[in-house]
Amino acid sequence: MTKQKKKSKQKKRENNGGDDALAKQAALDESRRRREAERSRELSRELCASRHDGVEWCEYEGEVNLPEVMRLVDDDLSEPYSIFTYRYFVKNWPSLCLLAKIEGETVACVVSKAEVENSQLVAGETCYRGYIAMLAVNNTYRRSGIGTALVCRSIERMRAMGCAEVILETETTNTI
């Protein structure tokens, strides 16, 4: 066998070894991604679990809920919203407007949306972006986990709709 052929065979073996290493790394990365995704789902299930005695978790049912949502948000957020802003969200994404009620009183709400993202993360696939527009919890029920549970429920619904990411804006004065 000539030196040229030996070098060619050796180079092929080296290249195959490189391909094998890349394949092994890709498999490890995929395995790690799956474990992290499962941990994230477990954490989300735990946070979303209804551990709040007496809390009724509800979807927005229509105009009958609008005054309750507006009252909560207007009391908690400094940015004034017009009725048209509320309607934009609750009419287009009613399943992403969630309420927490205690003894029939709405004590917390989250208002979100999910839209097609302009920049596609994966060529040929439609990507969605979630947006949490409003989160309000009555002062009496803050620090009890109700807001966290509402946000988790909203994010789970956005994930089910295919959202690759979720954005939440907050006021700089939000320290409580």
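In this text, all values refer to a predicted model and were calculated from it rather than measured experimentally.

Caption draft 1: Geometry of the overall build of the protein. Summing up its helical and strand segments, the protein has four helices and five strands in all. Listing the helices and strands of the protein from first to last along the sequence gives α-β-α-α-β-β-β-α-β. Residue burial in the protein is summarised as follows: out of 176 residues, 30% are buried. The contacts in the protein between residues at least 6 apart in sequence include a share of 69% that link residues at least 24 apart. As displayed, the protein offers around 11,900 Å² of accessible surface, 50% of which is attributable to carbon and sulfur atoms.

Caption draft 2: Up close: unusual backbone geometry. Positioned with a positive phi, Glu103 is a non-glycine residue whose angle comes to about 50°. On the secondary structure map, Glu103 appears in the loop between β2 (97-102) and β3 (105-116). Non-glycine residue Arg143 carries a positive phi angle of around 65°. With respect to the helices, strands and loops of the structure, Arg143 is situated in the loop between β4 (128-137) and α4 (146-160).

Caption draft 3: Geometry of helix α2 (residues 66-76). When we look at burial in α2, the residues that qualify are Leu66, Val69, Met70, Leu72 and Val73. Take α2 and look down its axis: the buried residues cluster within an arc of 165°, on one side only. Opposite its buried face, α2 presents the exposed residues Pro67 and Asp75, each directed more than 90 degrees away.

Caption draft 4: Local environment of the pattern of salt bridges. Counting across every chain of the model gives seven salt bridges. A salt bridge links Glu156 to Arg159; its shortest N-O distance comes to 2.9 Å. Of this pair, Glu156 and Arg159 both sit in helix α4, three residues apart, roughly one helical turn. With relative accessibility at 29%, the residue Glu156 sits in the partly exposed group.

Caption draft 5: Quick look at the confidence of the model for the protein. Across the protein, the average pLDDT comes to 81, with 76% of residues at or above 70. Mean pLDDT per element in the protein: helix α1 (residues 3-48) is the minimum at 67, and β2 is the maximum at 94.

Caption draft 6: Just α4, in detail. Between its first and last C-alpha, α4 extends 21 Å over 15 residues, near the 21 Å set by a 1.5 Å rise per residue. Listing the buried residues of α4 in full gives Ile146, Gly147, Ala149, Leu150, Val151, Cys152, Arg153, Ser154 and Met158. Once α4 finishes, Gly162 follows within two positions and takes phi at roughly 100°, a positive value.

The rules behind the values
Residues numbered from 1 in each chain as written. Predicted model: local features only at pLDDT ≥ 70, side-chain atom pairs only at ≥ 80, totals over all residues. Heavy atoms only, no water. Helix = DSSP H or I, 4+ residues; strand = E, 2+ residues; numbered from the N terminus. Buried < 20%, exposed > 50% of the residue type's maximum accessible area, 1.4 Å probe, protein only. Contact = heavy atoms within 4.5 Å. Areas by Shrake-Rupley, 256 points an atom, 1.4 Å probe, with all protein chains shown as cover. Arc of directions from axis to C-beta. Salt bridge = Lys/Arg side-chain N within 4 Å of Asp/Glu carboxyl O. pLDDT = per-residue confidence, 0-100. Expected span 1.5 Å × (residues − 1).

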